[in-house]
Amino acid sequence: PAGNEYIITWQSSVTAAGGFASSIIVNPKTPGTGILSIGMRTANPQMGADIINKLMELYGNYSIEQKKQSSDQIVKFIDDRLEEYGKKLDSVQRMLLDYQTRNNLIDAETQSGNYFEIIKESDKSTNEQVIKLNVAGMVDDYLVDKKNEYKEVPVVPSSLGLEDATLNDLVGAYNKAQLERQQLLDANVPVANPVVKEMTGQIEKLRISIRENLKNIRSSINDVIGRSRQRGGTSELQLKAMPEKIKELAEIKRQVEISQDLFKYLQEKKEETAISRASTISNSNIIDRAYPTSVPVKPNRRAIQIMAILVGLGLPALF
């Protein structure tokens, strides 16, 4: 009505959001395609359309931020290892230069031949497997820690070279379940609610499955490390027949090359992760934006007219 007097009612953002949430309707657009149709029943069509459009925008940004957080965790892990291996690389390079200077072996030809190459490849393989073993241990330690019981796993194993389809599928399902449980809690659904309890049980089953899978992976990696070290050990025994200076020089060079390979490997992984982070896209796409409709869905005019006719006929008859 026209006039200068207005009545303003204030609500907290949580209360207002709860009221809007109950009005939102989500239905599958086409079964099996993953396309959802989202609508909102409200007395203000334009406001409803604005809320849905903003909700989808924020959801897309949220999924991007989740992926970026995972990438940041991976970069931090790599940076720590780069610092460690960088110091080791500097140390062995200084050792090589000092040894060559003291023994006048700057132009000396290595006599290790195939034995040296075998040892080098064996050590490289062993160190790569050790990194994978560390990644598996890091994920397992994270799952064991009670403070992470209802948090997502921050590092996807495949991002650090732990290529195991089953493990990555389990981690993906675990992270998805954690996200869905947190969304229920954020929507003020009580912990004692059956839906939350069911999600909690699902998370625990996935945690157990991931740890069992990690146990098998670590056992397999340890077998590979054992065979690699045995192959390298055999070649090292054969190198003992070489002149002492040449053998020691080859050993130092081997350490330098191994450290360089590991350092380069970690740098490449960091670059790949940085590129992946920069190209992160949302898990969802908006096919059609929400638009307000001028056709009211409530009240149902035809149903009211039929009811009025029935009452108009029924009351005189009853009288």
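Note that the coordinates shown come from a computational prediction; the quantities given were computed from them, not determined experimentally.

1. A few points about the overall build of the chain
Of regular secondary structure, the chain possesses seven helices and two strands. When the helices and strands of the chain are listed from N to C terminus, the series reads α-β-β-α-α-α-α-α-α. Classification of the 319 residues of the chain by burial places 29% in the buried group. If you take every contact in the chain between residues at least 6 apart in sequence, the share linking residues at least 24 apart comes to 74%. If you sum the accessible surface of the chain, you get close to 21500 Å²; carbon and sulfur atoms cover 54% of it.

2. Some points on the environment of T234
Mapped onto the elements of the fold, T234 is located in helix α5 (residues 194-239). Taking relative accessible area as the criterion, T234 reaches 43% and is therefore assigned partly exposed.

3. Some remarks on the pattern of salt bridges
All chains considered together, the criterion is met by eight salt bridges. A salt bridge links D140 to R218, with the shortest nitrogen-to-oxygen separation between them at 3.5 Å. Of this pair, D140 sits in helix α3 (residues 113-144) while R218 sits in helix α5, and the two are 78 residues apart along the sequence. Since its relative accessible area comes to 29%, R218 is described here as partly exposed. Connected through shared salt-bridge partners, D140, R211 and R218 make up one network.

4. Some words on a nonpolar patch on the surface
Taken together, M307, V311, L315 and L318 make up a surface patch of nonpolar side chains, about 430 Å² in accessible area. By the element assignment, L318 lies in helix α7 (residues 301-318). What makes L318 exposed here is its relative accessible area of 72%.

5. Some remarks on helix α4 (residues 165-186)
Helix length check: α4 (22 residues) gives 31 Å between terminal C-alpha atoms against 32 Å at 1.5 Å per residue, within 8%. Directly beyond the C-terminal end of α4, a positive phi value near 65° is found at N188.

6. Re unusual backbone geometry
Notably, N188 is not glycine yet its phi reads approximately 65°, a positive angle. Positionally, N188 belongs in the loop between α4 and α5.

7. Some words on the side chain of S122
Relative to the helices and strands, S122 resides in helix α3. Beyond its immediate stretch of four places on either side in the chain, S122 contacts S228, R229, R231 and G232.

8. A word on the side chain of D123
The residue D123 is located in helix α3 in this model. Judged by relative accessible area, D123 falls into the buried class, the value being 17%. Apart from residues lying up to four places away in sequence, D123 is in contact with R254 and I258.

9. Things to note about the environment of S22
Looking at the secondary structure, you find S22 in the loop between α1 (13-21) and β1 (24-30). For the pair S22 and R41, spaced 19 residues apart in sequence, the C-alpha separation works out to 9.1 Å.

Calculation criteria
Residues numbered from 1 in each chain as written. Predicted model: local features only at pLDDT ≥ 70, side-chain atom pairs only at ≥ 80, totals over all residues. Heavy atoms only, no water. Helix = DSSP H or I, 4+ residues; strand = E, 2+ residues; numbered from the N terminus. Buried < 20%, exposed > 50% of the residue type's maximum accessible area, 1.4 Å probe, protein only. Contact = heavy atoms within 4.5 Å. Areas by Shrake-Rupley, 256 points an atom, 1.4 Å probe, with all protein chains shown as cover. Salt bridge = Lys/Arg side-chain N within 4 Å of Asp/Glu carboxyl O. Patch = residues over 30% accessible without salt bridge, like charges linked within 9 Å, V, L, I, M, F, W, Y side chains within 5 Å. Expected span 1.5 Å × (residues − 1).

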